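# Examining the three-dimensional arrangement
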Amino acid sequence: MSVTEADKNSYGFSKRLKLLIKVLNISHLEFANSIGASESVLKKWFNEETLPNLKYLLKIVQIYNVSLEWLATGTGNMDASITSDGLKIKTYDVELSAGKGCFNNDEFLHSTMTMSPEMVQQYGLNSNCVGAFVRGDSMEPQIKSGDTVIIDTSVETLENDGIYAFYYKNHCYIKQLQKLGHEIKVKSLNPNYDSWIITEDNISDFKIAGILKAHFSGKKI
């Protein structure tokens, strides 16, 4: 579909498409293959030589949970889960740092909370975010026992040092992680707790559950 004068309101499409692919952290080829398009067609979209037809738009929307309104016009939020009322986030009755399992079974679903559009923007929340409760004082003074934390479960690798929820030997923790070559240093913010190392030999017992996006005092937000 060629770009005409009538299409000028959609000229931001290429920027939105590039942003989406960047957020997804996939290659152009992976994205093109996922929606059944060729790289040459994708290049034409990038260069604003053509615009995708409805078939491709709907595929992008369905596969990546993107708002059609945002993709086509730039109005609203990229994430289709974020409405004018905000974002609904499942909160699990899984007490990080002690409880077994993380966010993988609705048997532990405690409640669903709605984050306002302002909070979604402030903390960079998305539809992959879940809530959980914290037990213990090892992350004080920043995170206290009984606090609610918001974890972005789309982050599954340790790319940068930060506070993560993670599985280790059938337990789920929230700690500060630091990558040291092939090893990982697990740090508490409370100086009364010692750091410990996940060695290369034990790395198979370790899995990132998500990265901390926000935390709130107490269980009620």
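Details of the structure are given in the entry above.
First, a word on scope: everything that follows refers to the structure included in this document. (Residues numbered from 1 in each chain as written. Predicted model: local features only at pLDDT ≥ 70, side-chain atom pairs only at ≥ 80, totals over all residues. Heavy atoms only, no water.)

Strand order in the open sheet made by the 9 strands is 2-1-3-4-9-5-6-7-8, with mixed pairing throughout. Edge positions in the open sheet fall to strand 2 (109-115) and strand 8 (196-198), since each of these has one partner strand only. If you compare each strand with its neighbour and ignore which way they point, the axes differ by 45° on average. Here strand 4 (residues 148-152) pairs with strand 9 (residues 206-216) via 5 bridges, running antiparallel. (Pairing = 2+ DSSP bridges. Helix = DSSP H or I, 4+ residues; strand = E, 2+ residues; numbered from the N terminus. Axes fitted to C-alpha atoms, helices over the stretch in contact; angles between N-to-C directions.)

Now for the nonpolar core. Among the nonpolar cores identified, the biggest contains 21 residues, and Leu17, Phe31, Ile35, Trp45, Ile60, Val66 and Leu71 are the most heavily contacted of them. Listing elements by their share of this core, those giving two or more residues are helix 1 (13-24), helix 2 (28-35), helix 3 (39-46), helix 4 (54-64) and helix 5 (68-73). Take this core: its biggest share by element is 5 residues, from helix 4. Sequence-distant contacts of tryptophan 45, defined by excluding residues within four places in its chain, comprise Phe13, Ser14, Leu17, Ile35, Ala37, Thr50, Leu51, Pro52 and Tyr56. The next biggest cluster of nonpolar side chains, apart from the first, holds 16 residues, and it includes Leu96, Val130, Ala132 and Ala209. (Core = buried A, V, L, I, M, F, W, Y, C linked by side-chain atoms within 4.5 Å. Buried < 20%, exposed > 50% of the residue type's maximum accessible area, 1.4 Å probe, protein only. Contact = heavy atoms within 4.5 Å.)

Our next topic: unusual backbone geometry. Of note, the bond from glutamate 140 into proline 141 is cis; its omega dihedral lies within 30 degrees of zero at 10°. When you line up the elements, proline 141 lands in the loop between strand 3 (129-134) and strand 4. Positioned with a positive phi, glutamate 48 is a non-glycine residue whose angle comes to about 60°. Topologically, glutamate 48 is positioned in the loop between helix 3 and helix 4. Judged by its relative accessible area of 26%, glutamate 48 falls in the partly exposed class.

Below, the discussion takes up the environment of aspartate 161. By the element assignment, aspartate 161 lies in the loop between strand 4 and strand 5 (162-168). Filtering out sequence-adjacent residues up to four positions away, aspartate 161 remains in contact with Leu177, Gln178 and Lys179. Polar side-chain contacts of aspartate 161 include one of 3.3 Å to the backbone nitrogen of lysine 179. (Polar contact = N/O pair within 3.5 Å; in protein donor to acceptor, adjacent residues only side chain to side chain.)

With that out of the way, let us pick up helix 4. Taken as a whole, helix 4 has its buried residues at Tyr56, Leu57, Ile60, Val61 and Tyr64. Mapping the buried residues of helix 4 onto a view down its axis gives an arc of 140°, with all of them on the same face. Exposed and facing more than 90 degrees away from the buried side of helix 4 are Leu54 and Gln62. For helix 4, the elements touching its buried residues are helix 1, helix 2, helix 3 and helix 5. Just past helix 4, the residue asparagine 65 takes up positive phi, approximately 55°. (Arc of directions from axis to C-beta.)

Together, Leu54, Leu58 and Leu68 line one region of the surface with nonpolar side chains, adding up to about 240 Å² of accessible area. Leucine 68 sits in the partly exposed class, given a relative accessible area of 33%. (Patch = residues over 30% accessible without salt bridge, like charges linked within 9 Å, V, L, I, M, F, W, Y side chains within 5 Å. Areas by Shrake-Rupley, 256 points an atom, 1.4 Å probe, with all protein chains shown as cover. Salt bridge = Lys/Arg side-chain N within 4 Å of Asp/Glu carboxyl O.)

What follows covers the environment of tyrosine 164. Following the sequence through the fold, tyrosine 164 ends up in strand 5. Linking tyrosine 164 and valine 186, residues 22 residues apart in sequence, is a C-alpha distance of 9.9 Å. Leaving out residues up to four positions away in the same chain, tyrosine 164 has contacts with Val155, Thr157, Leu158, Glu159, Tyr173, Ile174, Lys175, Leu177, Ile208, Gly210 and Ile211. Of note is the side chain of tyrosine 164, whose polar atom sits 2.6 Å from the backbone oxygen of asparagine 160.

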